[in-house]
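Residues per chain are reported as follows:
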Amino acid sequence: REAFLRLIDRIRNNHVRNSGYYVRKGIRDALFEASLKTKFETAAYFDSLLQTGEAELGQEYRASGAATATKDRFISMLRGLLKSQIPGEGQIVGAVLLGSYARDAAVPSSDIDVELVSIDGNPARVMEFRALVEKTWKEMGEAAPLQIHYPFAMPASAEIISRMREESQIVIGADTQSEAALGA
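In this report, we go over the structure that sits alongside the text.

Reading guide: rules and limits
Residues numbered from 1 in each chain as written. Predicted model: local features only at pLDDT ≥ 70, side-chain atom pairs only at ≥ 80, totals over all residues. Heavy atoms only, no water. Helix = DSSP H or I, 4+ residues; strand = E, 2+ residues; numbered from the N terminus. Buried < 20%, exposed > 50% of the residue type's maximum accessible area, 1.4 Å probe, protein only. Contact = heavy atoms within 4.5 Å. Areas by Shrake-Rupley, 256 points an atom, 1.4 Å probe, with all protein chains shown as cover. Phe/Tyr/Trp six-rings, centres within 6.5 Å; stacked < 30°, edge-to-face > 60°. Core = buried A, V, L, I, M, F, W, Y, C linked by side-chain atoms within 4.5 Å. Salt bridge = Lys/Arg side-chain N within 4 Å of Asp/Glu carboxyl O.

## A few points about the overall build of the chain
Item 1. The number of helices and strands found in the chain is 9 helices and 4 strands.
Item 2. Seen in sequence order, the chain has helices and strands lined up from the N terminus as α-α-α-α-α-β-α-β-α-β-α-β-α.
Item 3. Within the chain, the fraction of its 184 residues that count as buried is 43%.
Item 4. Contacts spanning at least 24 positions in sequence make up 71% of the contacts within the chain whose residues lie at least 6 apart.
Item 5. Accessible surface computed for the chain: about 10,400 Å², of which carbon and sulfur atoms make up 54%.

## Some details on the packing of aromatic side chains
Item 1. Taken as a whole and assessed by the stated rule, the structure comprises 1 aromatic pair.
Item 2. Judged by centre distance (5.3 Å) and plane angle (85°), the ring pair of Phe-74 and Trp-137 falls under edge-to-face. With Phe-74 in helix 5 (residues 66-83) and Trp-137 in helix 7 (residues 126-139), the pair connects residues that are 63 residues apart, well separated along the chain. For the residue pair Phe-74 and Trp-137, the accessibility class agrees, reading buried in each case.

## Details of the nonpolar core
Item 1. Membership of the largest hydrophobic core comes to 26 residues, with the highest contact counts inside it found for Phe-74, Leu-97, Ile-112 and Val-133.
Item 2. Contributing elements (two or more residues each) for this core: helix 5, strand 1 (92-98), helix 6 (99-102), strand 2 (112-118), helix 7 and strand 3 (146-155).
Item 3. Those residues in contact with Val-133, other than ones at most four positions away along the chain, are Phe-74, Met-77, Leu-78, Leu-81, Leu-146 and Ile-148.
Item 4. In terms of nonpolar packing, the next biggest core, distinct from the first, is built from 9 residues, Ile-8, Ala-30, Ala-34 and Tyr-45 among them.

## Thoughts on unusual backbone geometry
Item 1. A positive phi angle, close to 55°, is found at Asp-104, a residue other than glycine.
Item 2. Summarising the element assignment, Asp-104 is placed in the loop between helix 6 and strand 2.
Item 3. Note on Asp-104: relative accessible area 36%, which makes it partly exposed.

## Remarks on the pattern of salt bridges
Item 1. Applying the stated criterion across every chain yields a total of 6 salt bridges.
Item 2. With its nearest N and O atoms 2.7 Å apart, the salt bridge here joins Glu-179 to Arg-79. Here the residue Glu-179 occupies a position in helix 9 (residues 176-181), and Arg-79 occupies one in helix 5, the gap between them amounting to 100 residues.
Item 3. A relative accessible area of 8% places Glu-179 in the buried class.
Item 4. Here Arg-79 falls in the partly exposed class, since its relative accessible area comes to 30%.
Item 5. Note that Glu-139 is salt-bridged to Lys-135, the shortest N-O span being 3.2 Å.

Below, the structure written as structure tokens:
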């Protein structure tokens, strides 16, 4: 019991910046694994989860400014690529940064979660733009993996974007005017 309570305190403290989902997930996962152990192994199992791990590395990563620097480089790169788009059907006009980088809760192994926004919801250019983003990021020598969601695009609608997620998000456009139009 005491080992489990220590684990719950650690999960709560390490996920202060994250949504309640991650607190519940951490507790649920630990309970599931513990259910497979004997009563004699349970306390040692919970205590083993208290070792220094990704949460502490994440705190260092954020405190050092590395997480913010990675996010800023990604946003800058993406803005440049958005500016280079040729106007027309399916034009990618923006993106929504989601997940741990949007919440300022990234750890060194976090991926960068992005959803693309086209001018008309037409997915015609999504795959090409997605490949360009991935290629450019890789050429920059960046380590953070990209997760560009879905092979389609949302229409450029501030209302849709605002309803899209409950968690933190950062709307990215080619410039401040386009970001404002997308609801930033």
